Amino acid sequence: MLYNIELIVYYLNKTIAMKKLITLASLILVFGVTSAQQLTQTIRGVIKDNESNTSLIGATVIVLGSDPIIGATTDINGNFRIENVPTGRINLELSYIGYEPKVIPNVVVNSGKEVLLNLTMQESMVKMEEVVIVANVNKGEAANDMAMLSARSISSEETSRYAGGFNDPSRIMSNFAGVTATQDGSNDIIVRGNSPKYVQWRLEGIQITNPNHFGDQSAVGGAVSTLNNNVLATSDFYTGAFTAEYGDALSAVYDVKLRAGNNEKYEAVFGFGLLGTDITLEGPFKKGYGGSFIANYRYSTASVIADLGLADINGIPKFQDASYKLVFPTKSLGTFSVFGLGGYSSFLFEDVKPDTWETPGNRFMIADINEDYKKRSYLLNQGINHTFNINKNSYVNSTLLYSHEGIDDDIYEDRFIQIFDEEGNHLRDSTVDYTRNLIGRLKKSSYRASVTYNNKINSQHKIQVGSKYALLGYEFFQSQFTETPGDRTTLVDFNENVSTVRNFVSWKYRINERLTMVSGVHNMNVLLNNKSTIEPRVAFSLRLNNGGSLNAGYGKHSNMESIHNYFAKVEQEDGSLTEPNKNLGLLKAHHYVLGYEKRFGKNIRAKIEGYYQDLYNLPVANDPNSYYATINEGLEFQYIDLVNEGTGKNYGVEISLERFFNRNFYYMVNTSLYQSKYTALDGIERNTRYNGNYLANLLFGKEFTKLGKKQNQTLALNSKIFFAGGQKIIPLLRDEQGNLAVDPENNNYWDYSKAYENSIEDVYQIILSASYKWNKPKATHELFLNLDNITNNKGRINEFYDASEPGSVGYLTQFGFFPNLMYRVYF
């Protein structure tokens, strides 16, 4: 699909007001503003033991480089407060007797909003008099202390800073080694050559729906994320050999966290941009209680302009979303939180082609047929979380969640005829037989419950034991025209419930101050067909004397296939319909990872990580002449007989050099060389469709601080250069001379014998972004300008038959150049 950002920006740029706004933004970014003064803000937070969740009393927090020293100590509840901190970027140093010192880098202090931090510290294994412990700067490391490798954290500050992110956590991940997207404008996540449908999304520690607007029927990606950066806390992303906590995931896990609202004062953020207009509100329930709320609502800007009658932009995609978190601490029953995430989106595209938005089937390639695509999608995730400290060394975390998502697809088609006068002169084109071709109604609901017990036995040993239950409801219906005009067939029609139970135990053993082991077992059970697995996991991390570290890990993993495959209705030779896939087993994989990391000082990290993923039990077509495997499944579903007899392998090496933000600049260079292969029943080893072979990123950013007469303004410039191999395709039929040889009359277009042999061409993209921030006594203002694909490169991603195009071949391409402008005020 070609993402609707282009369409939104196209329509908005047609309005005079928007052109003036972009011009004004450019002037501000170049010349700045000059009315501000040196301002300060308060930094508050809590410090806890990272393993026992116990508050640390008397820990010291200081602002590095402050003169005189600015700092504070934590109170009986582990809370600290530092007032009169100058605006800008600061580093905090944490220290506590018996714990390893820690530095928290790049804390952004704005005048319009207090800084609230939830911090943790690691207990030291050695006595303080035995060794001098240097403060550890854990930049980029996962917040989950059980994760030893193939994991990193991503903060809301990084999501805002990196070029091309659009404050979308999905798009940000493609900046890192081993992660890419389809480059058609969607925000799906492709990790190490795996299908994006095997990425698991979690919110507040529990699995949720695909969190994207305009999700396709595979529910693997979308267009715009419903997750808004204004309410996100630092979150973790895992790319392989996951810890025992995570199951039913084969590709990656994105564990997203929501931040708590300010529990002492009311604050707000208002944003207006080309993609959306949003408001964030937060504050305490009452003075002195400690509870808080935060809520965000966003509405597509194009819809706002259309609703106000300022521009005629009929057909533009519309969306709205909301998220919130309520925190209720108690004196003796622990802390409760209620959270939610929801979204609604819709569009109507007329005369749609794959270069606008991909539709199922081949009928769009029939010369005299036009298709209109009407889509509606919605999602809701509503949960409650409870954390209870049993004693100073152990706590239990419980979560209940209800989620629901739906996708309504309607594809209408008509035939056009040419009308001539008696002398043969063309008068006009006319449409006839306007009717609905495809009908899709996909609904998913789930009830989930999880409980995890954490026990820090001592400074060396920690155990986790957990269980997760899910009741999944599916109501799917799809019908579509066959090759015979007017003849409709039902592709899938079921209303079923599926239950799963997952259990795990994990043990962290700090053998000494340099060597740590995390091991465990995950158990996956599918009650639909009584399939289950026992999945061992183990990882080691060894700190070397030269400042480097060596990491190694193994994990066995499994994943349920998309539910429609289990209930697919397959026509037999006698014309009857059966459901042969209800006994389909789990996809399985062995993940092996070996990595080396070297820190050069506090701010530069070099990292190399190699991996091998041995995939087996893959569902493939029960046909010895077929190429088909579900790991390549995209928008086009195939309702066929499947067997768990496919195999595959993903292997590669990832190299990264990253300078974390310090002294007003940063850079990151990474590259991945990889292969992704599979074998179906035909015995031929093929590329998967997601095998791009290589990708490379270069990111650089610089801030210019203390601008303006009062030195309280900041200009930030960020850039990204991206190169990658194209995804593999199923090509159109051609003869030996390379001439097109499709047969539209018999619906023969694709050369399946050459499935995924090649891509069309490699892709690249250059992105520039700039932001200007200025502080006022009561507010902070920010203006963002992002220029995506500034060279307007439109690399060809896929091809399709189109008789109206030169050579009768149309191409799905990268989305072209488009700007994104946003203004935000914190108050």
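Every chain's residues receive numbers from 1 upward, in the order its sequence appears when written. Local features in this predicted model are restricted to residues whose pLDDT is 70 or higher, and side-chain atom pairs enter the listing and the counts only when it is 80 or higher, whereas totals over whole chains, interfaces and linings include all residues. The basis for every side-chain value is the complete set of heavy atoms in the structure, and neither hydrogens nor water enter the calculation.

1. Some words on the overall build of the protein chain
Secondary structure elements follow DSSP: runs of H or I no shorter than four residues count as helices, runs of E no shorter than two count as strands, and numbering proceeds from the N terminus. The helix and strand inventory of the protein chain stands at five helices and 42 strands. Since a compact globule built from 827 residues should have a radius of gyration of about 28 Å, the 27 Å found for the protein chain is in line with a globular shape. For the protein chain, the spread of C-alpha atoms along the three principal axes comes to 95 × 60 × 50 Å. Think of it in three bands: residues with accessible area under 20% of the maximum for their type are buried, residues over 50% are exposed, and the middle band is partly exposed, with areas taken using a 1.4 Å probe on protein chains only. Looking at the protein chain as a whole, 58% of its 827 residues qualify as buried. Taking contacts inside the protein chain between residues at least 6 apart in sequence as the whole, the part at least 24 apart equals 66%. Radius of gyration: over C-alpha atoms. The globule rule applied is 2.2 Å multiplied by the number of residues raised to the 0.38 power. Whether two residues are in contact is decided by their heavy atoms, any of which lying within 4.5 Å being enough.

2. Comments concerning the confidence of the model for the protein chain
Predicted coordinates in areas of low pLDDT are best not read in detail. For the protein chain, per-residue confidence averages 88 on the pLDDT scale, and 90% of positions sit at 70 or higher. pLDDT expresses, on a scale from 0 to 100, how confident the predictor is about each individual residue. For the protein chain, helix α2 (residues 16-31) is the element with the lowest average pLDDT, namely 45, and strand β35 (residues 685-687) is the one with the highest, namely 98. Below a pLDDT of 50 lies the segment residues 1-36, which in the model reaches 86 contacts outside its immediate sequence neighbourhood of four places, other chains included. In the model, residues 128-135 has pLDDT below 50 throughout and makes 12 contacts with residues more than four positions away in sequence or in other chains.

3. Quick notes on the nonpolar core
Nonpolar cores were defined as sets of buried Ala, Val, Leu, Ile, Met, Phe, Trp, Tyr and Cys residues, with membership established by side-chain atoms within 4.5 Å. Residues Met560 and Ile563 are the most contacted members of the largest nonpolar core, which totals 48 residues. Sorting the residues of this core by element identifies β24 (461-481), β25 (488-510), β26 (515-526), β31 (587-600), β32 (604-621), β33 (642-662) and β40 (796-801) as the ones contributing at least two each. Leaving out residues up to four positions away in the same chain, Ile563 has contacts with Tyr474, Phe476, Phe494 and Val498.

4. Considerations on the environment of Gln765
Relative to the assigned elements, Gln765 resides in strand β38 (residues 763-775). Contacts of Gln765, omitting those with residues within four sequence positions, involve Gln183, Lys720, Ile721, Phe722, Asp788, Asn789, Gln814 and Phe815.

5. Examining the sheet that holds strand β12 (residues 199-203)
Here, any two strands with at least 2 DSSP bridges between them count as paired. In space, the five strands of this open sheet follow the order β9-β14-β15-β12-β13, with mixed pairing throughout. The sheet is open, and its two edges are formed by β9 (151-154) and β13 (206-207), each paired on a single side. Alignment of β12 against β13, held across two bridges, turns out to be antiparallel. Directly across from Arg202, in β13, lies its bridge partner Gln207.

6. Focus on the pairing of strand β28 (residues 548-559)
Along β28, 10 of the 12 residues are buried, which leaves the element largely enclosed by surrounding structure. Note that strand β27 (residues 531-543) and β28 share seven bridges and pair antiparallel. Paired with Ala539 across the strands is Gly553, a residue of β28. In this antiparallel pair of consecutive strands, β27 and β28, the connection spans four residues, and Gly547 shows a positive phi of 90 degrees. Of the pairings in the sheet, the one linking β28 to β31 comprises 12 bridges and is antiparallel in character.

7. Observations regarding the side chain of Thr533
Structurally, the position occupied by Thr533 is in strand β27. Polar contacts, as used here, are pairs of N or O atoms within 3.5 Å; protein pairs need one atom able to donate a hydrogen and one able to accept it. Residues neighboring in sequence count only if both atoms are side-chain atoms. Side-chain polar atoms of Thr533 contact the side chain of Glu535, separated by 2.7 Å. For Thr533, the residues in contact, after removing those within four places along its chain, are His522, Asn523, Met524, Ser558, Leu586 and Lys588.

8. A closer look at the sheet that holds strand β7 (residues 115-121)
Pairing within the open sheet is mixed, and its three strands lie in the order β4-β1-β7. Both outer strands of the open sheet, β4 (79-86) and β7, are each paired with one neighbouring strand and no more. This sheet shows a mean twist of 25 degrees between the axes of neighbouring strands, independent of strand direction. Pairing between strand β1 (residues 40-49) and β7: seven bridges, direction parallel. For Lys48, the partnering residue across the bridge sits in β7 and is Thr120. In this description, a line fitted to the C-alpha atoms serves as the axis of each element, helices being fitted only across the stretch in contact, and the angle between N-to-C directions of two axes falls anywhere from 0 to 180 degrees.

9. Topic: unusual backbone geometry
In this model, Asp67 is joined to Pro68 through a cis peptide bond whose omega is 0 degrees. Within the secondary structure layout, Pro68 lies in the loop between β2 (60-63) and β3 (71-73). In this model, Lys706 sits at a positive phi of 55 degrees, which is unusual for a non-glycine residue. You can see Lys706 is positioned in strand β36 (residues 694-707). For Lys706, a relative accessible area of 58% translates into the label exposed. Phi is positive for Ser808, close to 60 degrees, though the residue is something other than glycine. You can see Ser808 is positioned in the loop between β40 and β41 (809-813).

10. Some details on the pattern of salt bridges
By definition, a salt bridge exists where a carboxyl oxygen of Asp or Glu is found within 4 Å of a side-chain nitrogen of Lys or Arg. All told, the structure shown has 41 salt bridges when counted by the stated rule. The residue Glu245 makes a salt bridge to Arg202 at a minimum N-O spacing of 3.4 Å. One end of the pair, Glu245, is in the loop between β14 (235-238) and β15 (252-256); the other, Arg202, is in strand β12, with 43 residues separating them in the sequence. For Glu245, a relative accessible area of 14% gives the class buried. In this structure, the salt-bridge partner of Asp255 is Arg202, at a minimum N-O distance of 3.7 Å. Of this pair, Asp255 sits in strand β15 while Arg202 sits in strand β12; the two residues are 53 residues apart in sequence, bridging distant segments of the chain. What makes Asp255 buried here is its relative accessible area of 5%. Taken together, the shared-partner salt bridges in this structure form one network comprising Arg44, Arg81, Glu83, Glu114 and Glu264.

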